[in-house]
Amino acid sequence: MSRSKRQVWLTFIALGAMLALLPFVVDFGLGRYWVRIMDLALLYVMLALGLNIVVGYAGLLDLGYIAFYAVGAYCYALLSSPQFGLHLPFWAVLPIGAAVAGLFGILLGAPTLRLRGDYLAIVTLGFGEIIRIFLNNLNAPVNITNGPQGINQIDPVSLLGMSLGKTHQLFGITLSAPHQYYYLFLLLTLLVVFVSMRLQDSRIGRAWAAIREDEVAAEAMGINVRNIKLLAFAMGATFGGLAGGLFAGFQGFISPESFNLMESIMILCMIVLGGMGNIPGVILGALLLTILPEALRYTGDLQRAWLGHVVVDPSDLRMLLFGMALILVMLFRPAGLLPSRQRKRELVAEGDVAVQEQANVYDTRR
Amino acid sequence: MTELIRLEQISKNFGGIHALKNVSLQVHQGEILGLIGPNGAGKTTLFNILTGLYTPSSGNIEFKCCSMLGMKPHQVLKLGIARTFQNIRLFANMTALENVMVGRHARTHAGVIGAVLRNAATRAEEAAIGARAHQLLEWAGIAGHGHLLAKHLSYGDQRRLEIARALATDPQVLALDEPAAGMNPVERDTLRQLICRLRDQLGLTVLVIEHDVKLIMSLCERIAVLDFGELIAQGTPDEVRSDKRVIAAYLGGGAG
């Protein structure tokens, strides 16, 4: 690679400008509603990158990941809403939510340390549901979470005395609430991407990969498997908690319903579809799986326009197409749309056999 | 000769099976000790106990006069006992270089914060890890394959890579579990030289499990023989070769 530094910087600047202008283009072309969808998509990118640390890097199949999203969201909601009359500032609440989620990551990770593969998946699935059911039932005898009704009137995110829930004029540009959230989420997403990248290419990242490849060998090579696994759970959960806190401030209302098993599976699908362990792949997966289902809503209008009435309900069609897309991807790109180099090699067998054969021939000649 | 490892009356039971029965053995500093015995004699079990993968049912293990009973594998490694595996256990989908770099884990310190900030100390440490890994690959004679995935290496090179990875942990004792299994005579010979270099150049104490009697007789100063979980003989190759119980174990009961 002999790309000059200047070219790299120019690419960065162009990309930055594109990301900065994107909400205006989308607002102009598709409407405000789509800017909101972009905000949600960014939250899912953060979630998927968090789960990617646990599943993609350390190879621990976690089916209850949404629990940490819930913990982050409820932390935010309880600390800045009329529920307890607390209105702590955003810069305090968000880190608290992320830290508490990280702590839950360790708490829920600890009992599962000895489990692998399917068994780990089943237990984490159970933990995810336990958290949701707790949130659903913690309204009696002492009302903490307000039960299935959820928590209302959560304070919108407020930065430098400026509430992101209202429209603002900045340098002659009108910024609506979704626009402002977009920029905040974008910044934090970039932070999560940065941390993910740095972690992947580090001593810790190698230790995660080693555990994923062979736990016994990793232990025999001096890796404290318990601590390194818990670290993966904690890091993943922290990102989940971060996204959860942002979600609560963004929506202004949360209820246990938003944190069901389907969401966990959806996030896992994003990773698998996009390319496990590969950051661009995970981002692509998260964006596709948030934007496509929304886009498919329009098929209802299309059917009405072309056929005069709705033949297939758009929501049914969504699930159908979604399932088909997953099957097609798994058939034709089993390692995901943008697989990591490693994962691609794991799943492609023909090349391996050839290389191995050649090495053996070379060996006998020597 | 100074004693490095002392196994005292080690027994290991799996349910009703006595894999090891009261095995007592000393390993001296700087020796190449061979461990032989028929299949199922308990050789690998002994290695697993030595490296902390199993806890013995009874008995005691000391390393430099400190008991290492109940230690986890990563703690044992930190003391200075590294190993390879009978059925190669490399990190198959990582490159050869990365495999060796993982071996440096126990001797380096960068955590999450160091990884994220990538400060001067972390960068220096990463560079040192890389340099050491390259050096070890070269030492093992597979420097040209650093960028290949471990699973793409030939069988002999995988064995060598496993030794390089174990060496990356800065061990004092290296336990090799059937390092010559599946090798052709040429590869065996280079392996024999490699093991001799481990001791002569790096000053390591080497434990070898091996089925190839010729290899082990020419390589080891001392040999211990296990049969049905019992230590039936130990001594120089000549002593072991003429031991009645050893001959009986290898050739069958009536041959003694």
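Quick caveat, the model's predicted, so the values are computed rather than measured. (Residues numbered from 1 in each chain as written. Chains lettered and ligands numbered in written order. Predicted model: local features only at pLDDT ≥ 70, side-chain atom pairs only at ≥ 80, totals over all residues.)

Moving on: the overall build of chain B. Check the secondary structure of chain B and you find ten helices and ten strands. Against the 2.2 N^0.38 benchmark of 18 Å for 256 residues, chain B shows a C-alpha radius of gyration of 19 Å, consistent with a compact globule. For the C-alpha atoms alone, the extent of chain B along its principal axes is close to 65 × 40 × 35 Å. The proportion of buried residues among the 256 residues of chain B is 48%. Within chain B, contacts between residues separated by at least 24 positions form 65% of all contacts whose residues are at least 6 apart in sequence. (Helix = DSSP H or I, 4+ residues; strand = E, 2+ residues; numbered from the N terminus. Rg over C-alpha atoms; globule rule 2.2 N^0.38 Å. Buried ≥ 20, exposed ≤ 12 C-beta atoms within 10 Å, placed from the backbone. Contact = placed C-beta atoms within 7 Å.)

Glycine aside, residues mostly have negative phi angles, and peptide bonds mostly take the trans form. Geometrically, the link from A:Ala140 to A:Pro141 is a cis peptide bond, its omega value of 0° lying close to zero. Here A:Pro141 is to be found in the loop between α5 (117–137) and β3 (158–159). The backbone phi angle of B:Gln9 is positive, close to 45°, even though this residue is not glycine. On the secondary structure map, B:Gln9 appears in strand β1 (residues 3–14). Overall, the presence of 13 C-beta atoms within 10 Å leaves B:Gln9 in the partly exposed class. Positive phi is not limited to glycine here, since B:Asn22 has a value of about 45°.

Below, the discussion takes up the interface of chain A and chain B. With 33 residues of chain A at the interface, the matching set in chain B holds 36 residues. Ranked by residue count, the leading element in the side of chain A that touches chain B is helix α15 (residues 349–365) of chain A, at eight residues. Of the residues contributing to the side of chain A that touches chain B, the split by class is 15 nonpolar, seven polar and eleven charged. (Nonpolar A, V, L, I, M, F, W, Y, C, P; charged D, E, K, R; others polar.)

So, on to the packing of helix α2 (residues 32–57) of chain A against helix α11 (residues 279–296) of chain A. Residues and elements named next belong to chain A. The N-to-C vectors of α2 and α11 enclose an angle of 140°; their axes lie 8 Å apart at closest approach. When the interaxial angle is binned, α2 and α11 end up oblique. In the packing of α2 onto α11, the handedness of the crossing is right-handed. For the pair α2 and α11, contact is made by Ile 37, Leu 40, Ala 41, Tyr 44, Val 45, Ala 48, Leu 49 and Asn 52 and by Ile 279, Val 282, Ile 283, Gly 285, Ala 286, Leu 287, Thr 290, Ile 291 and Glu 294, respectively. Of the residues that constitute the contact of α2 with α11, the class distribution is 13 nonpolar, three polar and one charged. (Axes fitted to C-alpha atoms, helices over the stretch in contact; angles between N-to-C directions. Parallel < 35°, antiparallel > 145°, perpendicular 65-115°, else oblique. Left-handed = near helix turned anticlockwise from the far one by under 90°.)

Residue and element names in this part refer to chain B. By domain assignment, chain B separates into domain 1 (1–80 + 171–256) and domain 2 (96–169). Each side of the interface is counted separately: domain 1 has ten residues, and domain 2 has nine residues. Elements with a minimum of two residues in the side of domain 1 that touches domain 2: α2 (73–79) and α7 (185–200). No other element matches α2, which puts three residues into the side of domain 1 that touches domain 2. Its residues assigned to classes, the side of domain 1 that touches domain 2 shows six nonpolar, two polar and two charged. (Domains from an automatic or database assignment.)

Looking now at the packing of α2(A) against helix α9 (residues 225–251) of chain A. Helices that pack against each other are described as a pair by the angle of their axes relative to one another and the distance between those axes. Residue and element names in this part refer to chain A. α9 packs onto α2 with a crossing angle of 170° between their chain directions and a minimal axis gap of 8 Å. As judged from the angle between their axes, α2 and α9 are roughly antiparallel. Crossing angle aside, the handedness with which α2 passes α9 is left-handed. Contacts between α2 and α9 involve Asp 39, Leu 43, Met 46, Leu 47, Leu 49, Gly 50, Leu 51, Ile 53, Val 54 and Tyr 57 from the former and Ala 232, Phe 233, Met 235, Gly 236, Phe 239, Gly 240, Leu 242, Ala 243, Leu 246, Phe 247 and Phe 250 from the latter. Taken together, the residues of the contact of α2 with α9 break down into 17 nonpolar, three polar and one charged.

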